[in-house]
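# Residue-level structure breakdown
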Number of protein chains: 2
Amino acid sequence: MSKYHRPDAQTIQSLKDIANKLRIHSIEATNASNSGHPSSCCSAAEVMSVLFFNTMRYTIKEPRHPNNDRFVLSKGHAAPILYAAWAETGLFPTSELLELRKLTSDLEGHPTPRLNFVDVATGSLGQGLSCAAGMAYTGKYFDKSDYRVYCLIGDGESAEGSIWEALAFSSRYQLDNLVAIFDINRLGQSEATSLGHDVDIYKARVEAFGWNTYVVDGHDVEELCKVFWEARQVTGRPTCILAKTFKGQGIPGVADAENWHGKPLGDKAKEAIAAIRENIANSGPHNLIAQQPTLDLSPVNTHVELSAAPSYKLGESVATRLAYGTALVKLGKANNRVVAMDGDTKNSTFAQKFKDAFPDRFIECYIAEQNLVGVGIGCATRDRTIPFISTFAAFFTRAFDQIRMGAISQTNANFVGSHAGVSIGEDGPSQMALEDLAMFRTIPGSTVFYPTDAVSTERAVELAANTKGVCFIRTSRPNVPVIYKNDEPFAVGKAKVVRSSPSDQVTVIGSCVTLYEAIKAADTLAESGINIRIIDPFTIKPIDAETIIANAQETNGKIITVEDHYAEGGIGEAVAGAVSGQSGIIVKRLYVPEVPRSGKCEELMEKYGISASCIVKAVNSILSI
Amino acid sequence: MSKYHRPDAQTIQSLKDIANKLRIHSIEATNASNSGHPSSCCSAAEVMSVLFFNTMRYTIKEPRHPNNDRFVLSKGHAAPILYAAWAETGLFPTSELLELRKLTSDLEGHPTPRLNFVDVATGSLGQGLSCAAGMAYTGKYFDKSDYRVYCLIGDGESAEGSIWEALAFSSRYQLDNLVAIFDINRLGQSEATSLGHDVDIYKARVEAFGWNTYVVDGHDVEELCKVFWEARQVTGRPTCILAKTFKGQGIPGVADAENWHGKPLGDKAKEAIAAIRENIANSGPHNLIAQQPTLDLSPVNTHVELSAAPSYKLGESVATRLAYGTALVKLGKANNRVVAMDGDTKNSTFAQKFKDAFPDRFIECYIAEQNLVGVGIGCATRDRTIPFISTFAAFFTRAFDQIRMGAISQTNANFVGSHAGVSIGEDGPSQMALEDLAMFRTIPGSTVFYPTDAVSTERAVELAANTKGVCFIRTSRPNVPVIYKNDEPFAVGKAKVVRSSPSDQVTVIGSCVTLYEAIKAADTLAESGINIRIIDPFTIKPIDAETIIANAQETNGKIITVEDHYAEGGIGEAVAGAVSGQSGIIVKRLYVPEVPRSGKCEELMEKYGISASCIVKAVNSILSI
């Protein structure tokens, strides 16, 4: 262990001065926008000053350089002080801080990666530490670099379970390059936090979760310099700094007072700024410059193709979830930046195949889906990896907020959810994904794949890896026949016409299990001289409106959708929405109408109206209109 | 503290015998269905035996009697042993256990309230303790009764952050009537759990979270009897029993072995059952009968009306979120079983008004939305309360899995989400609910209200309180004019035609902020002689298809929807879906097309295409078709 060198007195004074300047910037910016959280900024002023001007190593002019230390502001509502810190580094003029929250400025109410110094959007609380853990995991195990990750967490948000998932994860994987700082300012939005200033309880909890912890006076820059240095000496464990602070610190009448959450100071600002200025020794430019990291990391190649084409026989019976595992291994062979993670379902999702092939690039995240998703999003930052995140599709609902924030974070993380719909059978509704398509469709900029067979699944995996934004692939449990040739081309937003004749009277749209039911129905109907067209949409978002409309127009404007999910937000509404601007097209929908029971797949499809016999009935019904 | 009386030797032997009988039932049932989790049942056999035949007090013939002790099987995949325990009480014949997972049986793969001895569905892991905490809170503070709540948690699922939210909540509120049992059997689904058999770490963590804890041999019925008795003596703190167990305990070759998760024994069953039988002293009927509770609680009146009609002036400016608070107080006055809870946003959602009026019926759940929702669902069980759960609508995405499971649980809990859409302004996208309608629409049996003004909001609150299933009310941040008279009647699924003339050329559908924009657009268009009809849907699910179609047909089949949310799953797709069976109706949609920025409400509505001027353009455009 090297020896600690106390910063000289001038440095200490400069750090104090910067902290107070950050306070003033935060007060001025929130006053200019007449909204925002100056009091939540002020409690963190010394932490921010020490991190940005003493502890962290980064190149100011290239905030996203892969070697830079990372900083995640989990308490995103303190955005103004993050913006102020970067302005004080010289990245942009401090005068721009007054543009806070204006439509013309990227200095939004909460940080987003529209700013080049922000890796993940925050503002929905309790999410930052999982993303930071993903970055730290990437630094330690994939980049094998010495950059460190700092995450500032509010005490209020530490009530979120996701924080405790991330704490457990980080100690499990010995992320000694990760430092969490709890800004324990005692006050939440509407009242005091549950634990107030009882830092001993925080310490006991975080230590029990396996972290090296320090309790410090969060307004003492000397103490902060020292513990951040000490944290760097610790190996095998992440470090948590429990900083006892006061909300609104430095502002007379506001510090530690209730009812100042999220309120600009208004008329009180002038007096507050004057009081803070009194504590600034040198109001001119400071001489502190961030330490430089060693710049030895290069950008990663994030393009990847399957190392070998799909290799199936037509009619061979393969579950799409199994094809996912096969494809993921092929991607992993082609690009060593493909990584995968799962929440203790890898033997069901078949992420296991990737783990078997590339154990060093697989992260077991245990049964903690919010952290699973946050870690994946963290791994994806700065394009350091191409992550695939898998669990049962139903359980991604656990992380909807994280996925939603992932879109705001401009993440390229890929999500693969197995065990779709009633086709899973006996496990029952808790395990059935019946809202997953609706959920992932709402995500702005998302791409939603629902491949029908093993060939199209492999191509979906390849396309997802190379498609920007949130990608979701829905895989299914049962074995289903391969219907596409191994060299069949697939593209996002391009449907396949699976069965077609000039005399088709209805267009039926289905995916995977329901597509096979449609084929069975077509065979039955053909016996009585009725031909139907069958479309496999491949992606549910974007939905191939052009192909659907063109085929519908060739089949008397009649469409039937067959959906292994609930009524809302899935295939049927995607199709109804796509044709809603067209006069003369009608859509009849078959979907799961209620909470299903346990039972065999075939029985359930029959009971809930999405089997071949139900399609036959629906065709006869729509033909009678 | 009273003195502990050790059960006599015969009782101890009977408890052991019952545990082994439960094992045999679990093995036989899962073998009969060729699916399920016998090994996860076997680790919990002694805990179940002791709870059901020594510790818990309940009336066998009326499993949902309000005075009964409650039991929540958070590790829902161990359902067969729960079913076996009730069969052994005599509630139904043990032969029915062989119907496990059949479509014709309520003995599903995971427990649901289709069974009268199940209060909440489980199977998505980590959710049971929050529901149990809600039941315990209700018992202690609302029912003021002595019933106790027991929750059996798997060690794998204890990685879920929601468990830690619930642990923090339960100690915060001194739920000494709550007992959690961790079944620490070391093995997850795909590998060993993160902590394996390190019970000391579990103990340190749970104790740090404020619980009275015991580490026990989970297969020792004597030890279990004693700690459950001791737990009953503790006041001011909940108790956690950390039961060290072995997965598959009792089955030679399976106990503590990997790769036996979720696998029936098949051919090995016969030998396993024989081995277990050897440990049964008395294979005939046992003489143990559950203790009876005092039966002094009555059913609750769950019908409620506003204590006073809405009282606004037409044109008065009132935020719908404020009207929510006003209405909730009126409900609270009318029925003392109305309760409310919030996640530290009560001064924004206006649940604060309820807390001010009825502090004893408000639960502050802090920033932990998963537990917030779970507690609410727990409070709603056995119709003991009429709960209203509020936070920013965006943050309900954090609890999508809990809400999804709430539907399977047949909950009547009501959800109220404020700060809808871009109308919130400067806080930016992390705080904006843009997926909330889509999310709540997917929930089977749900009712989704989106009231436009204060009068309709008050009626939505009243209707939600009396409507079965999950109800969601979307409230908005800005002040908006009152447009309905105080005596205007509202009903679920009934839209209001807000503006109408015989010469209307287009029907425009909007809610709250977008409805007011539609009215402005109508005034502008009227100046150039174009009249439009305006519809306020009131409920987005069910959507009033009849009114919408009838009005569309009167306006040349032309509809425009104006949606303060993303494209998918909300108002527009609900309308498109509702009219998709009709030929000759077209729908043009205005919605938020991408992740919005921070900015002023009016600027954002203009930028993202849902303002009055955008509606004017859309009307002119659709008229040209």
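Residues numbered from 1 in each chain as written. Chains lettered and ligands numbered in written order. Predicted model: local features only at pLDDT ≥ 70, side-chain atom pairs only at ≥ 80, totals over all residues. Heavy atoms only, no water.

### Details of the interface of chain A and chain B
Facing 101 residues of chain A, the contacting portion of chain B comprises 101 residues. Carbon and sulfur atoms make up 50% of the area that chain A and chain B hide from each other, which totals about 8100 Å². Here chain A and chain B share 16 salt bridges between them. With a closest N to O distance of 2.9 Å, Asp401 of chain B and Arg398 of chain A form a salt bridge. Across the chain A-chain B interface, the total number found is 63 residue pairs in polar contact (both at pLDDT 80 or more). Looking at the side of chain A that touches chain B residue by residue, the class counts come to 33 nonpolar, 38 polar and 30 charged. (Contact = heavy atoms within 4.5 Å. Buried area = accessible area lost by both parts, 1.4 Å probe. Salt bridge = Lys/Arg side-chain N within 4 Å of Asp/Glu carboxyl O. Polar contact = N/O pair within 3.5 Å; in protein donor to acceptor, adjacent residues only side chain to side chain. Nonpolar A, V, L, I, M, F, W, Y, C, P; charged D, E, K, R; others polar.)

### Quick notes on the UniProt feature "domain: Transketolase-like pyrimidine-binding" (unreviewed entry) in chain A
UniProt's feature table lists "domain: Transketolase-like pyrimidine-binding" (unreviewed entry) at residues 318-482 of chain A, given in the numbering used throughout. Counting secondary structure, residues 318-482 of chain A comes out at 39% helix and 19% strand; the distance between its end C-alpha atoms is 7 Å. (UniProt positions renumbered as here; feature names shortened; annotations may be inferred. Helix = DSSP H or I, 4+ residues; strand = E, 2+ residues; numbered from the N terminus.)

### Digging into the sheet that holds strand E15 (residues 506-510) of chain B
All names here are of chain B. In space, the five strands of this open sheet follow the order E14-E16-E15-E18-E19, with mixed pairing throughout. Looking at which strands have only one partner, the edges of the open sheet turn out to be strand E14 (496-499) and strand E19 (586-590). Strand after strand, the sheet turns through a mean of 30 degrees between neighbouring axes, direction not considered. (Pairing = 2+ DSSP bridges. Axes fitted to C-alpha atoms, helices over the stretch in contact; angles between N-to-C directions.)

### Quick word on helix H10 (residues 320-334) of chain B
Residue and element names in this part refer to chain B. If you check H10, its first and last C-alpha atoms are 21 Å apart, about what 15 residues at 1.5 Å a residue would give, namely 21 Å. With 11 of 15 residues buried, H10 is to be regarded as a mostly interior element. Within the span of H10, buried status applies to Thr320, Arg321, Ala323, Tyr324, Gly325, Ala327, Leu328, Val329, Lys330, Leu331 and Gly332. (Expected span 1.5 Å × (residues − 1). Buried < 20%, exposed > 50% of the residue type's maximum accessible area, 1.4 Å probe, protein only.)

### Quick word on the relation of the copies chain A and chain B
If you rotate chain A by 180 degrees and push it 0.0 Å along the axis, it lands on chain B with an RMSD of 0.0 Å. In symmetry terms, the pair is related by a two-fold rotation axis. Across chain A, the smallest distance between a C-alpha and the rotation axis is recorded for Gly161 of chain A, namely 1.8 Å. An overlap of 100% is found between the interface residues of chain A and their copies at the interface of chain B, pointing to a shared contact surface. (Least-squares fit on C-alpha atoms with pLDDT ≥ 70 in both.)

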